[in-house]
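Breakdown of the fold
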Amino acid sequence: MNNDIKGICLFLGLIGIGYVALLIVVALLTGAKIVKSILFISIFSSFLISLGLTHQVKSRLSNYLKSLSYKQLV
């Protein structure tokens, strides 16, 4: 995939994650029931972020998360 397209996917994914954070704050303050919207947007944004990441970055992140979970268990 082209680097420009990867960059756009990362940018849109991060914008979406920020929007989800804003929706969560609004839902907590107003009591609005927008759980389905929050789930859909967060899943779609996560998909865009995973499209934008290279294989090396994905493997580094997974190794880092595995090491964190191992340290917490010990």
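As a further point, take the packing of aromatic side chains. Inspection of the entire model under this criterion finds one aromatic pair. With 6.4 Å between their ring centres and 10° between their planes, F40 and F44 make a pair best called stacked. Of this pair, F40 and F44 both sit in helix α2 (residues 35–52), four residues apart, which is roughly one turn of the helix. By relative accessible area, F40 is classed as exposed at 59%. A relative accessible area of 44% means that F44 is categorised as partly exposed.

On to a nonpolar patch on the surface, then. A cluster of nonpolar side chains, contributed by M1, I5, F40, F44, F47 and L51, occupies part of the molecular surface with about 630 Å² of accessible area. Per element, the largest residue contribution to the nonpolar patch is four residues, and it comes from α2. Along the chain, the position of I5 falls in helix α1 (residues 3–30). Accessibility expressed as a relative area gives 42% for I5, which makes it partly exposed.

Attention shifts here to the packing of α1 against α2. Packing of α1 against α2 brings their axes to within 7 Å, and their N-to-C directions diverge by 155°. In terms of orientation, α1 lies roughly antiparallel with respect to α2. Considering the relative orientation of α1 and α2, their crossing is left-handed. Residues K6, C9, L10, L12, G13, L14, G16, I17, Y19, V20, L23 and I24 of α1 form the contact with α2, whose participating residues are I38, I41, S42, S45, S46, L48, I49, L51 and G52.

Criteria and thresholds
Residues numbered from 1 in each chain as written. Predicted model: local features only at pLDDT ≥ 70, side-chain atom pairs only at ≥ 80, totals over all residues. Heavy atoms only, no water. Phe/Tyr/Trp six-rings, centres within 6.5 Å; stacked < 30°, edge-to-face > 60°. Helix = DSSP H or I, 4+ residues; strand = E, 2+ residues; numbered from the N terminus. Buried < 20%, exposed > 50% of the residue type's maximum accessible area, 1.4 Å probe, protein only. Patch = residues over 30% accessible without salt bridge, like charges linked within 9 Å, V, L, I, M, F, W, Y side chains within 5 Å. Areas by Shrake-Rupley, 256 points an atom, 1.4 Å probe, with all protein chains shown as cover. Salt bridge = Lys/Arg side-chain N within 4 Å of Asp/Glu carboxyl O. Axes fitted to C-alpha atoms, helices over the stretch in contact; angles between N-to-C directions. Parallel < 35°, antiparallel > 145°, perpendicular 65-115°, else oblique. Left-handed = near helix turned anticlockwise from the far one by under 90°. Contact = heavy atoms within 4.5 Å.

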